[in-house]
Amino acid sequence: MKISIIGAGAMGGAMVQGFLKGNVFSSSDITVSNRTHKALDKFSQTGVNITTDNREAAANADIVCVAVKPWIAETVFKEIKPVLDYNRQILMTVVAGLPSEQITEWMKKDDGTMIPLFIVIPNIAIAECSSMTFITPIGADGRQTDMIKSIFDTTGSTLVVEEKLLPAGTILASCGIAYAMRYIRAASEGGVELGFKADDAKNIVLQTVKGAVDLLMSTGNHPEAEIDKVTTPGGITIRGLNAMEQAGFTNAVIRGLKLK
Ligand SMILES: NC(=O)C1=CN([C@@H]2O[C@H](COP(=O)(O)OP(=O)(O)OC[C@H]3O[C@@H](n4cnc5c(N)ncnc54)[C@H](OP(=O)(O)O)[C@@H]3O)[C@@H](O)[C@H]2O)C=CC1
Ligand SMILES: O=C(O)[C@@H]1CCC=N1
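Calculation notes
The residue count restarts for each chain, going from 1 along the sequence in the order it is written. Think of it this way: whatever chain is written first is A, whatever ligand is written first is 1, and the rest follow in order. Note on the predicted model: pLDDT of at least 70 is required for a residue's local features to be given, and 80 or more for side-chain atom pairs to be given and counted; whole-chain, interface and lining totals, by contrast, use all residues. Side-chain measures here rest on the full set of heavy atoms in the structure, leaving out hydrogens and waters. Going along the chain from the N terminus, every DSSP run of H or I of four or more residues is numbered as a helix, and every run of E of two or more is numbered as a strand. Relative accessibility thresholds used throughout: buried, under 20% of the residue-type maximum; exposed, over 50%; partly exposed, between the two (1.4 Å probe, protein chains only). Working rule for contacts: check all heavy atoms of both residues, and any pair within 4.5 Å makes them a contact. Every accessible area reported is derived by Shrake-Rupley at a probe size of 1.4 Å, with residue values counting cover from the shown protein chains alone. By definition here, a salt bridge exists when the distance from a side-chain nitrogen of Lys or Arg to a carboxyl oxygen of Asp or Glu is within 4 Å. For this description, a residue counts as near a given molecule or strand if any of its non-hydrogen atoms is within 4 Å of it. In this analysis a 1.4 Å probe is tested at points of a 1 Å grid over the protein atoms alone, and where it fits but cannot get out there is a cavity; an open set with protein on both sides within 12 Å along at least five of seven lines is a pocket; lining residues have an atom within 4 Å of a point. To be counted as sitting in a cavity or pocket, a molecule needs more than half of its atoms within 2 Å of that site's grid points. Each residue gets one label: Ala, Val, Leu, Ile, Met, Phe, Trp, Tyr, Cys and Pro are nonpolar, Asp, Glu, Lys and Arg are charged, and the others, such as Gly, are polar. Following DSSP output, two strands are said to pair if at least two bridges run between them. Axes here refer to lines fitted to C-alpha atoms; in helices the fit is confined to the stretch in contact. Angles between the N-to-C directions go from 0 to 180 degrees. UniProt positions are given in the numbering used here, feature names are shortened, and annotations may be inferred rather than shown by experiment. The source of the domain bounds is an automatic or database domain assignment. Buried area adds together the accessible area that both of two parts lose upon being put together, with accessible area traced by a 1.4 Å probe.

1. Comments concerning the overall build of the chain
Then, number 1: Tallying secondary structure elements over the chain gives 10 helices and eight strands in all.
Then, number 2: Looking at the chain as a whole, 37% of its 260 residues qualify as buried.
Then, number 3: Sequence separation of 24 or more characterises 62% of the internal contacts of the chain that already satisfy a separation of 6 or more.
Then, number 4: About 14900 Å² of surface is accessible on the chain, with carbon and sulfur atoms providing 57% of the total.

2. Observations concerning the pattern of salt bridges
Then, number 1: As enumerated under the stated definition, the model contains 10 salt bridges in all.
Then, number 2: Between Asp62 and Arg88 there is a salt bridge, with its nearest N and O atoms 3.5 Å apart. In this pair, Asp62 sits in the loop between helix 2 (54-59) and strand 4 (63-66) while Arg88 sits in the loop between helix 3 (70-80) and strand 5 (90-93), placing the two residues 26 residues apart along the sequence.
Then, number 3: By relative accessible area, Asp62 is classed as partly exposed at 24%.
Then, number 4: Measuring nitrogen to oxygen at the nearest pair gives 3.9 Å for the salt bridge that ties Arg88 to Asp85.
Then, number 5: Given the relative accessible area of 44%, Arg88 is considered partly exposed.
Then, number 6: Connected through salt bridges with shared partners, the residues Asp62, Asp85 and Arg88 form a single ionic network.

3. Some remarks on the site of ligand 2
Then, number 1: In the vicinity of ligand 2, the contacting residues are Ala96, Thr170, Ser174 and Cys175.
Then, number 2: Contact with the protein chains removes 38% of the 240 Å² of surface that ligand 2 exposes when unbound.
Then, number 3: Given that more than half its atoms are within 2 Å of the pocket grid, ligand 2 belongs to the second largest pocket.
Then, number 4: Its residues assigned to classes, the shell around ligand 2 shows two nonpolar, two polar and no charged.

4. Structural notes on the sheet that holds strand 7 (residues 131-138)
Then, number 1: Spatial strand order, 3-2-1-4-5-6-7-8: eight strands in an open sheet with mixed pairing. What marks the edges here is a single partner per strand, and that holds for strand 3 (49-51) and strand 8 (156-160). Across this sheet, the average inter-strand angle for adjacent strands is 20°, counted without regard to direction.
Then, number 2: Looking at chain direction, strand 5 and strand 6 (residues 117-121) are connected through three bridges and run parallel. Along strand 6, the bridge assignment pairs Thr93 with Ile119.
Then, number 3: Contacts from helix 1 (residues 10-21) reach strand 1 (3-6), strand 2 (30-33) and strand 4 within the one sheet, and its direction differs from that of strand 1 by about 155°.
Then, number 4: Sitting on the sheet, helix 6 (residues 166-194) touches strand 6 and strand 7, and the angle it makes with strand 7 is about 165°.

5. Quick look at the UniProt feature "domain: Pyrroline-5-carboxylate reductase dimerisation" (unreviewed entry) in the chain
Then, number 1: This chain's UniProt record puts "domain: Pyrroline-5-carboxylate reductase dimerisation" (unreviewed entry) on residues 163-257.
Then, number 2: Span residues 163-257 is 83% helix and 0% strand, its end C-alpha atoms 18 Å apart.

6. A word on the domain arrangement of the chain
In many reports, interface size means the accessible area that the parts give up when they come together.
Then, number 1: Each assigned domain of the chain is listed with its residue range as follows: domain 1 (3-161) and domain 2 (170-258).
Then, number 2: Centre-to-centre, using C-alpha coordinates, domain 1 lies 34 Å away from domain 2.
Then, number 3: At the interface, eight residues of domain 1 touch four residues of domain 2.
Then, number 4: For the pair domain 1 and domain 2, the summed buried area comes to about 470 Å², and 72% of that belongs to carbon and sulfur atoms.

Set out below in structure tokens:
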């Protein structure tokens, strides 16, 4: 099974890292295509195939993934359309906010034939095989969907969803990882104010967040159930939580998630 990724930026690069780390594809089965050579340099040690020819990359793969910015997507889809074999290949896109209706309009042949399409929305932690990835099949059969899901199952957790849930998934997980990191930054800065060196503060916060995730994942508990175990009556944790809420913590997070 060969995959070509068109667009070697933050997401394209993270996908390659995850695929190699998760042993999903061997390096010789991955091709990365980018407009300029500069972004391809980082792959030189990995053994993946690199090219600046999108059509060549698209023609020589079983799965063709478009990973360019939204405003460049139309050019790339239309560029590779003539070389795609609609009976043999699968088209994939990680472009956020690009509806299947639009892609179908660009990619549908004159006789109405459409290539099997997957809209896949990972987050940047796919580089560490720790992504939350949403998958929406469009005109693909169950076998193709199982195959695509099994690829991304090796790079973290997956959820096959209807297209209408993709914007929410993108915000909660793909943008959400940045929001989680902003908490980590804020807590680290607080740690420095409390007296730790910056690196120590960051490492303490990272281990603390990891502990929270490990606990919630292994128990399946609601966060509030675990919080109850920490908040000694009259103690300092509840005072801290209440001060954070007074400053608008929960409200700020929900407002950020609902911003369009
Ligand atoms: N970053 C993230 O966390 C997530 C991103 N996405 C989606 O992934 C897509 C890519 O985002 P991201 O990786 O962050 O963006 P980047 O800007 O980091 O990467 C895009 C890459 O595409 C290349 N490129 C531009 N034009 C072409 C072209 N015509 N042919 C081939 N390559 C080209 C750019 O090369 P050059 O620099 O030379 O122009 C660049 O390396 C977006 O649509 C985004 O919505 C989805 C989920 C999460
Ligand atoms: O900010 C963005 O638009 C992209 C999509 C999800 C993460 N980054």
